[in-house]
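Listed below, chain by chain, are the residues.
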Amino acid sequence: MPPADWNLLTEDLQLALSREALRRATETLAEHARLLALEMEHGTLSDRGGPEALRLFAAVVTATSQDAFGPVGHA
């Protein structure tokens, strides 16, 4: 979306779209952490004490994003 189009959106819609983008980014980051943990457990990647730390990180990212952003449309 070009910036000019973004500026035509209402503030509420901009906020909703921004929150949804952050929510999706959080889900992606948490899923990557979980996948890395699995790869370490299966020996595909070197385990330097990371799988449990990655799962903790994923849980923290997921939990804090749910509290911080709330449902879309409820800003």
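Cut-offs applied
- Residues numbered from 1 in each chain as written.
- Predicted model: local features only at pLDDT ≥ 70, side-chain atom pairs only at ≥ 80, totals over all residues.
- Heavy atoms only, no water.
- Helix = DSSP H or I, 4+ residues; strand = E, 2+ residues; numbered from the N terminus.
- Buried < 20%, exposed > 50% of the residue type's maximum accessible area, 1.4 Å probe, protein only.
- Contact = heavy atoms within 4.5 Å.
- Areas by Shrake-Rupley, 256 points an atom, 1.4 Å probe, with all protein chains shown as cover.
- pLDDT = per-residue confidence, 0-100.
- Expected span 1.5 Å × (residues − 1).
- Salt bridge = Lys/Arg side-chain N within 4 Å of Asp/Glu carboxyl O.
- Core = buried A, V, L, I, M, F, W, Y, C linked by side-chain atoms within 4.5 Å.

1. Quick notes on the overall build of the protein
In step 1: When you go through the protein residue by residue, the secondary structure sums to three helices and zero strands.
In step 2: Ordered by position from N to C terminus, the α and β elements of the protein give α-α-α.
In step 3: Taken over 75 residues, the protein has a buried fraction of 20%.
In step 4: Across the protein, contacts joining residues at least 24 apart in sequence account for 48% of those joining residues at least 6 apart.
In step 5: By element, 61% of the accessible surface of the protein is carried by carbon and sulfur atoms, the whole surface being about 5600 Å².

2. Some words on the confidence of the model for the protein
In step 1: Summary statistics for the protein give a mean pLDDT of 79 and a share of 77% for residues scoring 70 or more.
In step 2: At the level of individual helices and strands, the protein shows its lowest average pLDDT in helix α3 (residues 51-69), which scores 73, and its highest in helix α2 (residues 11-41), which scores 87.

3. Looking at α2
In step 1: Spanning 31 residues, α2 covers 45 Å between terminal C-alpha atoms, matching the ideal 45 Å at 1.5 Å per step.
In step 2: All buried positions along α2 are accounted for by Gln-14, Ala-16, Arg-19, Glu-20, Thr-26, Ala-30, Ala-33, Ala-37 and Met-40.
In step 3: At the exit of α2 stands Gly-43, carrying a positive phi of roughly 85°.

4. Looking at the side chain of Gln-14
In step 1: Tracing the backbone shows Gln-14 in helix α2.
In step 2: A relative accessible area of 18% places Gln-14 in the buried class.
In step 3: If we skip the residues at most four places from it in the chain, Gln-14 touches Trp-6, Asn-7 and Leu-9.

5. So, the pattern of salt bridges
In step 1: Taken as a whole and judged by the stated rule, the model has four salt bridges.
In step 2: In this structure, Arg-23 engages Glu-20 in a salt bridge whose closest nitrogen and oxygen atoms are separated by 2.4 Å. Placement of both Arg-23 and Glu-20 in helix α2 is noted, with a separation of three residues, approximately one turn of the helix.
In step 3: Exposure remark for Glu-20: the relative accessible area of 18% places this residue in the buried category.
In step 4: One salt bridge connects Arg-24 with Glu-20, and the closest N-O pair in it is separated by 2.9 Å. Taken as a pair, Arg-24 and Glu-20 lie in helix α2 at a separation of four residues, close to a single helical turn.
In step 5: Look at the salt bridges and you will find they share partners, linking Glu-20, Arg-23, Arg-24 and Glu-27 into a network.

6. Here's the deal with the nonpolar core
In step 1: Counting six residues, the largest nonpolar core consists of Ala-30, Ala-33, Ala-37, Met-40, Leu-54 and Ala-58.
In step 2: Among the secondary structure elements, those contributing two or more residues to this core are α2 and α3.
In step 3: Here this core takes four residues from α2, the largest share from any one element.
In step 4: Dropping the residues within four chain positions of it, Ala-30 is found in contact with Ala-58 and Thr-62.

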